[in-house]
Amino acid sequence: MNEAPRTSPRKENAPLKELDDWDDFVSTRYRPGKSEEQFRNYRTDANPGVTEFYRQNHAHQTLDFVLKKKAEYCGLRRGKKNIWEMAEYLNTLVDESDPDTDVSQIEHLLQTSEAIRKDGHPRWFILTGFLHDLGKVLCLYGEPQWAVVGDTFPVGCAYSDEVVFPEFFSANPDANVPEYQTECGIYEHRCGFDKVHLSFGHDEYMYQVAQNYLLEEGLYMLRYHSFYAAHRHHAYGHLMNEHDEEMFAWVRKFNPYDLYSKGRERPDVKAILPFYHDLVSEFFPDQIDW
Ligand SMILES: [Fe+2]
Ligand SMILES: [Fe+2]
């Protein structure tokens, strides 16, 4: 297939030294045992790069932008590849600042899925853990960091204060569109999240890729794992339907495995790989659309 060359994103589009700085910030934000007050002070946990990252993310993720990116990527027209080729490709996204201590992208996926496996969860759940961040290949397609990672939030309706750094939304052009700033905006009350456009990123892309192959519970985990305002803070209930509420129990079950995977021991990749080869082939054909 025709793969775009790996571009180093222009510096002004890459305030995070590495993509994982965002994940690290989120896991610090939700460190177990934090008091509510410490929690509300999350701004002090954010280094200047992370803060700048959110400034860009909140300013640029407009409804228009999201629709454009969905049209570009969600039709899965970038060719066929198998999951392993994509995992190898994602691994080329290396941390240049500290290659010795940081785990590779595949290791993060495996740390997450191994923790799920150790807790005795079903095979589809383990597989979902393994796949959950594969959508970060968007970065290698040349997308800026703010269109790949970050807490996701609905666009086309009023922003909740439960989204981190809500003050940065004032720079979003949608903040000046009155139709987009009512509580429900362009959506119907309790219409269900499937009808709601979230800020674009790796969650939505991977959901689209896996849509025909995984159980719905797993698909919710993929699609909403960065939607902290909803799964951690219960915001946007007015756009959820009953089915979302049931399914969000699974998103919440998944979240600790994502958040705290880095503190876990490094997986013995060679030893566990056969298990994952079997697992992937159980649910996916060899080649899938990306
Ligand atoms: Fe993620
Ligand atoms: Fe993750």
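If you're wondering where the values come from, they're calculated on a predicted model, not measured in any experiment.

## Quick look at the coordination of the iron ion (ligand 2)
Then comes step 1: For the iron ion (ligand 2), the protein coordination sphere consists of H108 (NE2), H132 (NE2), D133 (OD) and D258 (OD), at 2.1 to 2.5 Å.
Then comes step 2: One way to put it: the 4 donor atoms around the iron ion (ligand 2) meet at angles of 81 to 175°, and that makes the site irregular.
Then comes step 3: Here the donor residues of the iron ion (ligand 2) share one chain and are spaced in sequence as H-x23-H-D-x124-D.
Then comes step 4: The metal-metal distance between the iron ion (ligand 2) and the iron ion (ligand 1) comes to 3.7 Å, with D133 coordinating both. Note that H132 is positioned in the loop between helix 7 (123-131) and helix 8 (202-210) and D258 in helix 11 (residues 242-259), a separation of 126 residues in sequence. Neither H132 nor D258 differs from the other in exposure class; each is buried.

## Topic: helix 6 (residues 105-118)
Then comes step 1: With 14 residues, helix 6 extends 20 Å from end C-alpha to end C-alpha; this agrees with the ideal 20 Å at 1.5 Å per step.
Then comes step 2: Among the 14 residues of helix 6, 12 are classified as buried, and the element is accordingly described as predominantly covered.
Then comes step 3: When helix 6 is considered as a whole, its buried residues turn out to be Q105, I106, E107, H108, L109, L110, Q111, T112, S113, E114, A115 and I116.
Then comes step 4: Buried-residue contacts for helix 6 involve helix 1 (20-29), helix 5 (83-91), helix 7, helix 11 and helix 12 (269-283).
Then comes step 5: Downstream of helix 6 by one or two residues, G120 has phi in the positive range, about 80°.

## Things to note about the nonpolar core
Then comes step 1: Core analysis: the largest hydrophobic core is formed by 95 residues, its most contacted members being Y54, F130, L131, F193, Y205, Y236 and W290.
Then comes step 2: Each residue touching F193, except ones within four places of it in the same chain, is listed here: Y224, F227, A230, Y236, L239, M240, D244 and F248.

## Here's the deal with the state of the cysteines
Structurally, a disulfide amounts to a covalent bond that connects the sulfur atoms of two cysteines.
Then comes step 1: According to the stated counting rule, one finds 0 disulfides in the structure shown.
Then comes step 2: For C157, which is in no disulfide, the shortest distance to another cysteine sulfur is to C184 and amounts to 7.5 Å.
Then comes step 3: Taking relative accessible area as the criterion, C157 reaches 1% and is therefore assigned buried.
Then comes step 4: The structure places no disulfide on C184, whose sulfur is separated from the nearest cysteine sulfur, that of C191, by 7.3 Å.
Then comes step 5: Classification of C184 as buried rests on a relative accessible area of 15%.

## Points about the coordination of the iron ion (ligand 1)
Then comes step 1: Protein-derived ligands of the iron ion (ligand 1) are D133 (OD), H202 (NE2) and H225 (NE2), with the metal-ligand distances lying across 2.0 to 2.1 Å.
Then comes step 2: Look at where the donors of the iron ion (ligand 1) fall in the sequence and you get D-x68-H-x22-H.

## Overview of the pattern of salt bridges
Then comes step 1: Inspection of every chain in the model, using the stated rule, returns 17 salt bridges.
Then comes step 2: Between R40 and E36 there is a salt bridge whose closest N-O contact spans 2.9 Å. Pair noted here: R40 and E36 are both in helix 2 (residues 36-40), with a separation of 4 residues, about one helical turn.
Then comes step 3: Judged by its relative accessible area of 39%, R40 falls in the partly exposed class.
Then comes step 4: With a closest N to O distance of 2.9 Å, K69 and E143 form a salt bridge. Residue K69 is located in helix 4 (residues 63-73), and its partner E143 is located in the loop between helix 7 and helix 8; the two are separated by 74 residues in the primary sequence. The same class applies to K69 as to E143, namely buried.

## Observations regarding the confidence of the model for the chain
Then comes step 1: Looking at the chain as a whole, the pLDDT averages 92, with 93% of positions reaching at least 70.
Then comes step 2: Scored below 50 in pLDDT, residues 4-8 makes 9 contacts in the model with residues more than four places away or belonging to other chains.

## Structural notes on the environment of A210
Then comes step 1: Position of A210 relative to the elements: it lies in helix 8.
Then comes step 2: Judged by its relative accessible area of 0%, A210 falls in the buried class.
Then comes step 3: For the pair A210 and Q38, spaced 172 residues apart in sequence, the C-alpha separation works out to 37 Å.
Then comes step 4: Not counting residues up to four positions away in its chain, the partners in contact with A210 are L219, L222 and F284.

Scoring rules and cut-offs
- Residues numbered from 1 in each chain as written.
- Chains lettered and ligands numbered in written order.
- Predicted model: local features only at pLDDT ≥ 70, side-chain atom pairs only at ≥ 80, totals over all residues.
- Heavy atoms only, no water.
- Donors = N, O, S within 2.8 Å, 3.2 Å for Na, K, Ca; no water.
- Tetrahedral: all angles 85-135°; square planar, octahedral: opposite > 155°, others 65-115°.
- Helix = DSSP H or I, 4+ residues; strand = E, 2+ residues; numbered from the N terminus.
- Buried < 20%, exposed > 50% of the residue type's maximum accessible area, 1.4 Å probe, protein only.
- Expected span 1.5 Å × (residues − 1).
- Contact = heavy atoms within 4.5 Å.
- Core = buried A, V, L, I, M, F, W, Y, C linked by side-chain atoms within 4.5 Å.
- Disulfide = S-S within 2.5 Å.
- Salt bridge = Lys/Arg side-chain N within 4 Å of Asp/Glu carboxyl O.
- pLDDT = per-residue confidence, 0-100.

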